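Coordinate analysis (summary)
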Amino acid sequence: MGSEDRLARQARNEALFREVNERIADLGNRAQAWSPAGTDFLCECGDEGGCGQRVRVPVEVYERARSQDDRFIVLPGHESPEIERAVEWTDDYVVVDKIPAVEKYVADDPRGAPSS
Ligand SMILES: [Zn+2]
């Protein structure tokens, strides 16, 4: 398998976790269970099958990241420099932005605005 395939799979994995997190966000909204400290989302890193770890993110940060197609939230150290770059980081989470070469794999999010 070529490196192009591997990067594509990794990018798609991250899009998959985003869908799961979207459901977590929905549930949280309905239950009004948001805590000021943040909500536990799944790390959206593209590790094989996902790392399955929780990442605590304030909802406004999550929503802001979600407003762009190619932004994802991962745990510190879970960035994949080959396909993304960090645009915001704290001790709890890192917001990453997909590099142009892989945006085509994640750009079908109906909620997302066009990437800048
Ligand atoms: Zn991870």
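Here's what I pulled together on the structure shown here. Keep in mind that this is a model prediction, so the values were computed, not measured. (Residues numbered from 1 in each chain as written. Predicted model: local features only at pLDDT ≥ 70, side-chain atom pairs only at ≥ 80, totals over all residues. Heavy atoms only, no water.)

A short note on the overall build of the chain
A count of helices and strands for the chain gives three helices and five strands. For the chain, the proportion of its 116 residues judged to be buried stands at 47%. Restricting to contacts in the chain with at least 6 residues of sequence separation, those with at least 24 account for 54%. A total of about 6,400 Å² of accessible surface is found on the chain, and carbon and sulfur atoms cover 51% of it. (Helix = DSSP H or I, 4+ residues; strand = E, 2+ residues; numbered from the N terminus. Buried < 20%, exposed > 50% of the residue type's maximum accessible area, 1.4 Å probe, protein only. Contact = heavy atoms within 4.5 Å. Areas by Shrake-Rupley, 256 points an atom, 1.4 Å probe, with all protein chains shown as cover.)

Focus on the nonpolar core
Counting residues in each nonpolar core, the largest one holds 26 residues, and the members touching the most others are Phe41, Val55, Val57, Ile73 and Tyr93. Of all the elements in the fold, those that place two or more residues in this core are α1 (3–31), β2 (54–57), α2 (59–66), β3 (71–74), β5 (94–98) and α3 (100–106). It is α1 that provides the largest number of residues to this core, a total of six residues. Residue contacts for Tyr93: discarding those within four places in its chain leaves Val55, Arg56, Val57, Pro58, Val61, Ile73, Val74, Pro76 and Glu88. (Core = buried A, V, L, I, M, F, W, Y, C linked by side-chain atoms within 4.5 Å.)

Describing the side chain of Gln10
Tracing the sequence through the fold places Gln10 in helix α1. Here Gln10 falls in the buried class, since its relative accessible area comes to 12%. In terms of polar contacts, Gln10 uses its side chain to reach the side chain of Ser80, at 2.8 Å. When neighbours within four sequence positions are excluded, Gln10 is seen to be in contact with Gly46, Ser80 and Ile83. (Polar contact = N/O pair within 3.5 Å; in protein donor to acceptor, adjacent residues only side chain to side chain.)

Some remarks on α2
Val59, Val61, Tyr62, Ala65 and Arg66 are the residues of α2 that are buried. One side of α2 holds all its buried residues, which, seen down the axis, span an arc of 160°. (Arc of directions from axis to C-beta.)

Comments concerning the sheet that holds strand β4 (residues 84–89)
The strand order across the open sheet formed by three strands is β3-β5-β4, and the pairing between neighbours is antiparallel. The open sheet terminates on both sides in strands that have one partner only, identified here as β3 and β4. Here the strands of the sheet are splayed against their neighbours by 35° on average, with no regard to which way each runs. Across five bridges, β4 lies against β5 in antiparallel orientation. Counted as the bridge partner of Trp89 is Val94 from β5. (Pairing = 2+ DSSP bridges. Axes fitted to C-alpha atoms, helices over the stretch in contact; angles between N-to-C directions.)

That is the geometry; function is a separate question.
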